Amino acid sequence: MEAYCAGNQSILEERTDEIDTLEHEADKLKQKIRASIPSSVRLPVNKKDLLSFLKQQDSIADYAQTAAYWMTLRSCEDIPEEIKEGFLELMNTSLKTARLYDELAGALYKLLATSFSKEEIKETMTIIPEVERLEHDVDVLETSLSKKIFENEDTIGGAGVCHLIGLVERVGGIADKSASAADRLRTMILRR
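Draft legend 1. The arrangement of helix α2 (residues 9-35) in detail. In this model, α2 (27 residues) spans 39 Å end to end at C-alpha, consistent with the 39 Å of a helix rising 1.5 Å per residue. Those residues of α2 that sit buried are Leu 12, Thr 16, Glu 23, Asp 27 and Lys 30. Contact partners of the buried residues in α2: α1 (2-6) and α3 (47-71).

Draft legend 2. Representation of unusual backbone geometry in the model. Notably, Phe 116 is not glycine yet its phi reads approximately 55 degrees, a positive angle. With respect to the helices, strands and loops of the structure, Phe 116 is situated in the loop between α4 (81-113) and α5 (118-125). A relative accessible area of 6% places Phe 116 in the buried class.

Draft legend 3. Structural detail: the packing of α4 against helix α7 (residues 153-191). With their axes 10 Å apart at the nearest point, α4 and α7 run at an angle of 20 degrees to one another. By the angle between their axes, α4 is roughly parallel relative to α7. Where α4 crosses over α7, the two elements pack in a sense that is left-handed. Of the residues that constitute the contact of α4 with α7, the class distribution is 20 nonpolar, 4 polar and no charged.

Draft legend 4. Just the side chain of Ser 94, in detail. Inspection of the secondary structure assignment puts Ser 94 in helix α4. Its relative accessible area of 0% is what places Ser 94 among the buried residues. If near-sequence neighbours (up to four positions away) are discounted, Ser 94 is found in contact with Val 138, Val 171, Gly 172, Ile 174 and Ala 175.

Here is what the cut-offs are and how they apply
- Residues numbered from 1 in each chain as written.
- Predicted model: local features only at pLDDT ≥ 70, side-chain atom pairs only at ≥ 80, totals over all residues.
- Heavy atoms only, no water.
- Helix = DSSP H or I, 4+ residues; strand = E, 2+ residues; numbered from the N terminus.
- Expected span 1.5 Å × (residues − 1).
- Buried < 20%, exposed > 50% of the residue type's maximum accessible area, 1.4 Å probe, protein only.
- Contact = heavy atoms within 4.5 Å.
- Axes fitted to C-alpha atoms, helices over the stretch in contact; angles between N-to-C directions.
- Parallel < 35°, antiparallel > 145°, perpendicular 65-115°, else oblique.
- Left-handed = near helix turned anticlockwise from the far one by under 90°.
- Nonpolar A, V, L, I, M, F, W, Y, C, P; charged D, E, K, R; others polar.

Laid out in structure tokens, this is it:
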């Protein structure tokens with residue numbers, strides 16, 4: 001996003017390629033996990049919940065990949081500074097949400113290592129509302145930024161508005177999917 005807002009196309013394309021590679025690796029890992037879950041083995045969590053959790057988690061990487069790609073479609077030279085600042089704030093808050101979710105997902109290993117001890121469950125469950133709060137903050141930022149985009153339609157044009165609204169949705173989707181994955185993790189823990 002910083003490269004996009006600065007108009008640095010070469011860095012933007014370089015980061016987009018990196019994100020594309022990481023997303024592809026995440027897809028392969030998800031497929032490997034799915035293939036390695038035998039139906040005859042009892043898991044510490046419900047298999048359907050685990051698969052749903054993996055799908056939501058993979059969606060985070062999908063949205064990051066799509067957002068990065070979306071930025072390569074149009075330059076940002078006609079975008080007013082207040083909109084660029086809005087995008088930087090939206091991206092930072094979306095990333096903050098995803099990073100907190102990553103911390104939450106890491107807690108799953110502790111849960112497994114402690115056989116889902118009540119203390120570890122309680123500690124893990126305190127992170128989920130925080131992820132959801134950050135996702136709500138992203139929703140508020142999305143609404144505010146979308147209004148600014150429409151207010152500047154004369155400057156950025158109709159196609160520019162469509163492009164930027166699409167970018168808002170994709171960047172916000174990173175936080176949305178982080179919150180969805182956190183919710184699936186909660187379900188997985190509570191149903192076990």
